[in-house]
Amino acid sequence: MAPSTQVVQALTQAESASGEKGPLYEALLADIKNLSSRPSAIDDLNATADSFFGQALGVVATRSVLSAFVATLKALENTDIWIQVGTRTLSALSLQPSSFFDAQATLCDLVATAHETNEDFTDAAKVLAEIPLDSSQRKVTDEEKARIWVRIVRNYLEEDDPTAAETYINKLKNIMHTVSDPDLNLHFRLSQARIQDAKRDFLSASQRYHEISFSPAVVEEERLHTLGMAIKCAILAPAGPMRSRMLGRLYKDERSVQLDQFGILEKMFLDRLLSQAEVDKFAEALEPHQLATTSDGSTVLARAVVEHNLLGTSRLFNNIQFGALGSLLGLDADKAEETAARMIEQGRLVGRIDQLDGIVWFEGGEASGEKGSGRAEVIAGKEMRRWDANVESLAEEVENVTNSLQKEFPDFVAVNLAV
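To start, this report covers the structure provided alongside it.

What counts as what
- Residues numbered from 1 in each chain as written.
- Predicted model: local features only at pLDDT ≥ 70, side-chain atom pairs only at ≥ 80, totals over all residues.
- Heavy atoms only, no water.
- Helix = DSSP H or I, 4+ residues; strand = E, 2+ residues; numbered from the N terminus.
- Axes fitted to C-alpha atoms, helices over the stretch in contact; angles between N-to-C directions.
- Parallel < 35°, antiparallel > 145°, perpendicular 65-115°, else oblique.
- Left-handed = near helix turned anticlockwise from the far one by under 90°.
- Contact = heavy atoms within 4.5 Å.
- Nonpolar A, V, L, I, M, F, W, Y, C, P; charged D, E, K, R; others polar.
- Polar contact = N/O pair within 3.5 Å; in protein donor to acceptor, adjacent residues only side chain to side chain.
- Phe/Tyr/Trp six-rings, centres within 6.5 Å; stacked < 30°, edge-to-face > 60°.
- Buried < 20%, exposed > 50% of the residue type's maximum accessible area, 1.4 Å probe, protein only.
- Lys NZ or Arg CZ within 6 Å of the ring centre and 35° of its normal.
- Pairing = 2+ DSSP bridges.

## Concerning unusual backbone geometry
Right, on to step 1. For R200, which is not glycine, the phi dihedral falls at a positive 65 degrees.
Right, on to step 2. Looking at where R200 falls in the secondary structure, it is placed in the loop between α11 (182-198) and α12 (202-212).
Right, on to step 3. In this model, D271 sits at a positive phi of 60 degrees, which is unusual for a non-glycine residue.
Right, on to step 4. By the element assignment, D271 lies in the loop between α15 (262-269) and α16 (276-283).

## Looking at the packing of helix α13 (residues 220-236) against helix α14 (residues 241-252)
Right, on to step 1. Closest axis-to-axis distance for the α13/α14 pair is 10 Å, and the angle between their directions is 155 degrees. As the angle between them shows, α13 and α14 are arranged roughly antiparallel. The handedness of the crossing between α13 and α14 comes out as left-handed. Residue-level contacts link L227, A230, I231, A234 and I235 of α13 to R243, M246, L247 and L250 of α14.
Right, on to step 2. The residue makeup of the contact of α13 with α14, split by class, is eight nonpolar, no polar and one charged.

## What about the side chain of Q192?
Right, on to step 1. Inspection of the secondary structure puts Q192 in helix α11.
Right, on to step 2. Among the polar contacts listed, one links the side chain of Q192 to the side chain of R208, at a separation of 3.2 Å.
Right, on to step 3. Residues within four places of Q192 in sequence aside, it is in contact with I169, K173 and R208.

## Section: the packing of aromatic side chains
Right, on to step 1. Under the definition given, this model contains six aromatic pairs.
Right, on to step 2. With a centroid separation of 6.1 Å and 75 degrees between ring planes, the pair formed by Y25 and F52 is classed as edge-to-face. Of this pair, Y25 sits in helix α2 (residues 22-30) while F52 sits in helix α4 (residues 41-54); the two residues are 27 residues apart in sequence, bridging distant segments of the chain. Residues Y25 and F52 agree in their burial class; the two are buried.
Right, on to step 3. Ring geometry for Y251 versus F269: centroids 4.6 Å apart, planes at 25 degrees, classification stacked. Within this pair, whereas Y251 is found in helix α14, its partner F269 is found in helix α15, the two being separated by 18 residues in sequence.
Right, on to step 4. A residue is classified by how much of its surface remains accessible, and Y251, at 24% relative accessible area, is partly exposed.
Right, on to step 5. A connected cluster of aromatic rings, assembled from ring pairs, spans Y25, F52, F53 and F69.
Right, on to step 6. Stacked on the ring of F214, the Lys or Arg R255 has its end atom at 4.4 Å from the ring centre.

## Observations regarding the environment of S4
Right, on to step 1. Within the fold, S4 resides in the segment before α1 (5-16).
Right, on to step 2. Look at S4 and you get buried, because its relative accessible area is 16%.
Right, on to step 3. Put simply, S4 and S40 are 36 residues apart on the chain and 6.4 Å apart in space, counted from C-alpha to C-alpha.

## Here's the deal with the pairing of strand β3 (residues 359-362)
Right, on to step 1. With burial as the criterion, each face of β3 is covered, one bearing I359 and W361 and the other bearing V360 and F362.
Right, on to step 2. Two elements, strand β1 (residues 319-321) and β3, share three bridges in a ladder whose sense is antiparallel. Each bridged residue has a counterpart across the sheet, and for N319 the counterpart in β3 is W361.
Right, on to step 3. Here strand β2 (residues 351-354) runs beside β3; their pairing, made up of four bridges, is antiparallel. Bridge pairing links G351 to F362 in β3.
Right, on to step 4. The antiparallel pairing of β2 with β3 creates a hairpin that spans four residues between the two strands, and G358 there sits at a positive phi of about 70 degrees.

Everything listed here is a matter of geometry and, on its own, says nothing about what the molecule does.
Following this line, the structure appears as structure tokens:
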């Protein structure tokens, strides 16, 4: 659709004027609602931009007209117009001398807002990334940079793109110590947690979510939601001493009992075995990325539950055959052996594997979490010495009971004790 006749006439008059043309363009823009109609607004504004960029108005006059143009565009409050006209104007600005950074920043913000309204979050992030932040001609504070970068991060996270979001989180790390705005700091920490969550660094994400759940800047309902996210991530984290400590902090948080996840949290903290029904119910509240399939074909949740149940089994048995262990974990014998071996090697379980007899021996105690620290040495005669110690302890207890009976009931002992 072509520009309206009235706008074309006004532009022709401005272009042919012999004096200063800037005021004429500003007057046209001030009256654009009367000269233009909604169907032709995009073409009218584009024609106006082409016209004043094509005239040698000078930097000062062009900056003034451009400011009026941006204000007029913003006042129309139409996302389609903002996107089409704003994007085209930004392209035109890229061909101009680097003297219009403020107008470029305002236009980028306007176009990004329109994309966000339309839920085109990736496009919004890309437009925001074009805002000039490092220029000697435009002073930008760390807080302004943080505000833009946090917004970019949040847009990428809306599109489940943690890799792109992490690029800007890394930039934010260098300046957040200078930013005092509590909301920006909160969004920064929350974005960090969401990125770690999306990248399956569940233990770190749980710690950050838990810290945020205490923030007074967050309303009570959101604090409970964030605490729930901390619990979910802790449950999904690899079993081991670090996760056990995190589960302990969450279990002792008096707010946890209010959440649906408390039942499974309690069982995991107390090293009790989980049933499939409990796991299925918990899975219903998880995000898609938390149910993603890992390289071995299992889900993140399934692996976490198998490793937890293996730890729980180590609390119940001194040793167990691969086949029996697999039955408890819902795996075949080879997979059960592989899981136990991996956890022992990674220092998340203390024990040893006897492949000849097909038995896993659990040594008890808490693993350190250091790679290789879970492997227990085979000590000759250890089980026999343990048996001897137990027999000796039992004999001593029997003797103690006998001595007590002789002291308290000597007549009874004299009649009934067989020597």
